[in-house]
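Observations on the three-dimensional arrangement
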Amino acid sequence: MSEDFIVKDITLAEFGRKELDIAETEMPGLMALRDEYGDSKPLAGSRIVGSLHMTIQTAVLIETLVALGADVRWASCNIFSTQDHAAAAIAQAGVPVFAIKGQSLEEHWDYLDLSFQFPEGPNLILDDGGDATLYILLGARVENGETNLIETPTSEEEIAVFAQIKKRMEASPGWFTKMRDQIKGVSEETTTGVHRLYDLVKNGQLPFPAINVNDSVTKSKFDNKYGCKESLVDGIRRATDTMMAGKVAVVCGYGDVGKGSAASLRGAGARVKVTEIDPICALQAAMDGFEVVTLEDAVSDADIFITTTGNKDVIRIEHMRAMKDMAIVGNIGHFDNEIQVANLKNHKWTNIKDQVDMIEMPSGSRIILLSEGRLLNLGNATGHPSFVMSASFTNQVLAQMELWLKGDEYNNDVYILPKHLDEKVARLHLDRIGVKLSSLNKEQADYIGVSTEGPFKPEHYRY
Ligand code: NAI
């Protein structure tokens, strides 16, 4: 076995493998791709850097990429989201993986750097939140004198990433530029990473094509929504064992993740309020039966606060000071800056257990903060169930195949997979849950202007 890995405890591999075996039975999309492409190995020759939560479901994704011929190295995209038994199983299988639940920020960037260290360098990135893409592109800009941000980091994150860039530049001059130039493309998993990609395009800084996996319908309208519907309450319960029924919960943001999160809390019996800045989403929340309020109006009465916006400074220090004693505060968006955690640093922290802290305000009232403001469904629980991740990751594998086989046909822009592939991903998940699909006859198909085989909707349809 290769020793090219950093995991918490390699003896957890057997447990990880058992859970992987179960997950495979719930991930029909990925298993179908193994059946379809396992012999032809369309990813042969590809060297994929993965930066995505190192969970059991991700392990099934990794082994699917390998089954299709890829060479893979992996890091997690979040310091709290790794499942150590999943990482151990992957390491035991011989895939270099660098991920420990509870790793430091410095280790986060160091492990990401290690995941790039193929002898010949990688040629594809599979990203979640954009850190792997950022690392290479920022490093190359620093190397080429296009930014001097390295002198002026403003947050703990920036300090950590610039320290790692500096370390790599000293060890291997010219490395970032070389890596940037040999990457054929990136597939991006989540809303926040996709925002970063569109920003790069706007600024003329995207040097390779990108596939926006998030906006496949079978990703964002399923993982972000139905995934959070199951995993949000799971995270709050494992962290706090609090009684949810009857409590007042505030969900900030009513996009895909907010919709799933509000439904999750309602399903557990909480009385749910929603905050929004977009009138369309606010109207949706109201017509779904939620009271739409401002955080200022709701802050002193609610028991649970969850941010789902992908935005920054949504729950601020003044809000946390106005909360009831023992209010629970957590975030399920990609980054921790939705909650002003940095402004709590000079308060009294009492660690209750891993990823659960009680923080005392100057008034003496306390809040329970989950996962230090990082995404709590992965920090305090195990993320979304396998079945919904199968849909997301089937899109990821199709995106990697597209970039590897046809990347040269794309411009340096952000693309979404074509609708017929989106429909294929959905189709692959029907049997497992006993869905019987009806079919169109020719006359009906002609009448609504589609083919009997699909695509069944125009591009502008919103589901
Ligand atoms: P989205 O864009 O569909 O929804 C975000 C919503 O927040 C929008 O409706 C927006 O109007 C609203 N918003 C923005 N600023 C606000 C503010 N200050 N107050 C109230 N509402 C505000 O994005 P989506 O797909 O729901 O993703 C949200 C975040 O969750 C992203 O960071 C994404 O990367 C992450 N994510 C996390 C997952 C997890 O498992 N934890 C899964 C999928 C996505």
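Residues numbered from 1 in each chain as written. Predicted model: local features only at pLDDT ≥ 70, side-chain atom pairs only at ≥ 80, totals over all residues. Heavy atoms only, no water.

1. Topic: the sheet that holds strand β8 (residues 271-275)
Pairing within the open sheet is mixed, and its eight strands lie in the order β9-β8-β7-β10-β11-β14-β13-β12. Lying at the two open borders of the sheet, with one neighbouring strand each, are β9 (291-292) and β12 (348-353). Here strand β13 (residues 356-360) pairs with strand β14 (residues 366-370) via five bridges, running antiparallel. Each bridged residue has a counterpart across the sheet, and for Glu360 the counterpart in β14 is Arg366. With respect to the sheet, helix α10 (residues 217-240) is in contact with β10 (304-307), β11 (327-331), β12, β13 and β14, its orientation differing from that of β14 by roughly 125 degrees. (Pairing = 2+ DSSP bridges. Helix = DSSP H or I, 4+ residues; strand = E, 2+ residues; numbered from the N terminus. Contact = heavy atoms within 4.5 Å. Axes fitted to C-alpha atoms, helices over the stretch in contact; angles between N-to-C directions.)

2. Let's talk about the packing of helix α1 (residues 13-25) against helix α3 (residues 56-67)
Close contact between α1 and α3 brings their axes to 9 Å; oriented N to C, the two are set at 75 degrees. Regarding the angle of α1 to α3, the classification is roughly perpendicular. Every residue of α3 that contacts α1 at Gly16, Arg17, Glu19, Leu20, Ala23 and Glu24 is listed here: Ile56, Ala59, Val60 and Glu63. For the contact of α1 with α3, the class distribution of residues is five nonpolar, one polar and four charged. (Parallel < 35°, antiparallel > 145°, perpendicular 65-115°, else oblique. Nonpolar A, V, L, I, M, F, W, Y, C, P; charged D, E, K, R; others polar.)

3. Observations concerning the UniProt feature "binding site: substrate" (unreviewed entry) in the chain
Under the feature "binding site: substrate" (unreviewed entry), the UniProt entry names Thr55, Asp128, Glu189, Lys219 and Asp223. Examined against the element boundaries, Thr55 turns out to sit in the loop between β1 (47-51) and α3. Taking the relative accessible area as the measure of exposure, Thr55 reaches 4% and is therefore buried. With residues up to four places along the chain from it excluded, the contact list for Thr55 reads Ser81, Gln83, Ala86 and Leu378. In this structure, Lys219 is in contact with Glu189, Thr190, Val213, Asn214, Asn224, Ser392 and Asn395, ignoring residues within four places of it in sequence. Here the side chain of Lys219 touches Asn214 through a polar contact of 3.1 Å, side chain to side chain. (UniProt positions renumbered as here; feature names shortened; annotations may be inferred. Buried < 20%, exposed > 50% of the residue type's maximum accessible area, 1.4 Å probe, protein only. Polar contact = N/O pair within 3.5 Å; in protein donor to acceptor, adjacent residues only side chain to side chain.)

4. Some words on the site of the ligand
Close to the ligand lie 26 residues, the nearest being Thr190, Thr191, Thr192, Glu276 and Ile332. Take Thr192: an N or O atom from its side chain is 2.6 Å from an oxygen atom of the ligand. Contact distances for the ligand include 3.0 Å between an oxygen atom and a side-chain N or O atom of Asn224. Contact with the protein chains covers 85% of the free accessible surface of the ligand, which is 860 Å². Elements supplying a minimum of two residues to the shell around the ligand: α9 (191-202), α10 and α11 (256-267). Along the lines of polarity and charge, the residues of the shell around the ligand split into six nonpolar, 15 polar and five charged. Counting residues domain by domain, the shell around the ligand receives three or more from each of domain 1 (10-218 + 384-422) and domain 2 (225-380). (Near = heavy atom within 4 Å. Areas by Shrake-Rupley, 256 points an atom, 1.4 Å probe, with all protein chains shown as cover. Domains from an automatic or database assignment.)

5. So, α3
Helix length check: α3 (twelve residues) gives 17 Å between terminal C-alpha atoms against 16 Å at 1.5 Å per residue, within 8%. The element α3 is extensively covered by neighbouring structure, given that ten of its twelve residues are classed as buried. Those residues of α3 that sit buried are Ile56, Gln57, Thr58, Ala59, Val60, Leu61, Ile62, Glu63, Thr64 and Leu65. One or two positions beyond α3, positive phi appears at Gly69, with a value near 105 degrees. (Expected span 1.5 Å × (residues − 1).)

6. Focus: the nonpolar core
With 47 residues, the main nonpolar core has Leu43, Met54, Leu61, Leu65, Trp74, Val97 and Val397 as its most contacted residues. Here this core gets ten residues from one element, more than from any other, and that element is helix α16 (residues 386-406). In this view, Leu61 contacts Leu30, Trp74, Leu126, Phe393, Gln396 and Val397; residues no more than four positions away in its chain are not counted. In this structure, Tyr111, Ile125, Val142 and Ala210 belong to the second largest nonpolar core, which totals 36 residues. (Core = buried A, V, L, I, M, F, W, Y, C linked by side-chain atoms within 4.5 Å.)

7. Quick look at the domain arrangement of the chain
Segmentation of the chain into domains returns domain 1 (10-218 + 384-422) and domain 2 (225-380). For domain 1 versus domain 2, the distance between C-alpha centres works out to 28 Å. With 20 residues of domain 1 at the interface, the matching set in domain 2 holds 17 residues. Here domain 1 meets domain 2 over a buried area of about 1500 Å², counting both sides, of which 62% is carbon and sulfur. Of all residues in domain 1, Phe80, Thr192 and His384 give up the largest surface area on contact with domain 2, accounting jointly for 37% of the area buried on that side. Between domain 1 and domain 2 we count one salt bridge in total. For the pair domain 1 and domain 2, the number of links is four residue pairs in polar contact (both at pLDDT 80 or more). Taken together, the elements giving at least two residues each to the side of domain 1 that touches domain 2 come down to α7 (156-171) and α9. (Buried area = accessible area lost by both parts, 1.4 Å probe. Salt bridge = Lys/Arg side-chain N within 4 Å of Asp/Glu carboxyl O.)

8. Observations regarding the environment of Gly310
Tracing the backbone through its elements, the reader meets Gly310 in the loop between β10 and α14 (317-322). Taking the C-alpha atoms as reference, Gly310 lies 9.5 Å from Asn331; in sequence the two are 21 residues apart. With sequence-adjacent residues up to four places away left out, Gly310 is seen in contact with Thr192 and Glu338.

9. Comments concerning the UniProt feature "domain: S-adenosyl-L-homocysteine hydrolase NAD binding" (unreviewed entry) in the chain
Under the UniProt annotation, "domain: S-adenosyl-L-homocysteine hydrolase NAD binding" (unreviewed entry) lies at residues 224-383. Along residues 224-383 one finds 32% helix and 23% strand; the C-alpha atoms at either end are 11 Å apart.

10. Considering the packing of aromatic side chains
Under the counting rule described, the total for this entry stands at ten aromatic pairs. Residues Trp109 and Tyr135 carry aromatic rings whose centres are separated by 6.1 Å and whose planes lie at 40 degrees to one another, so their mutual orientation is tilted. Here Trp109 is found in helix α5 (residues 105-115), whereas its partner Tyr135 is found in helix α6 (residues 131-143), with 26 residues between them in sequence. The same class applies to Trp109 and to Tyr135, which are both buried. (Phe/Tyr/Trp six-rings, centres within 6.5 Å; stacked < 30°, edge-to-face > 60°.)

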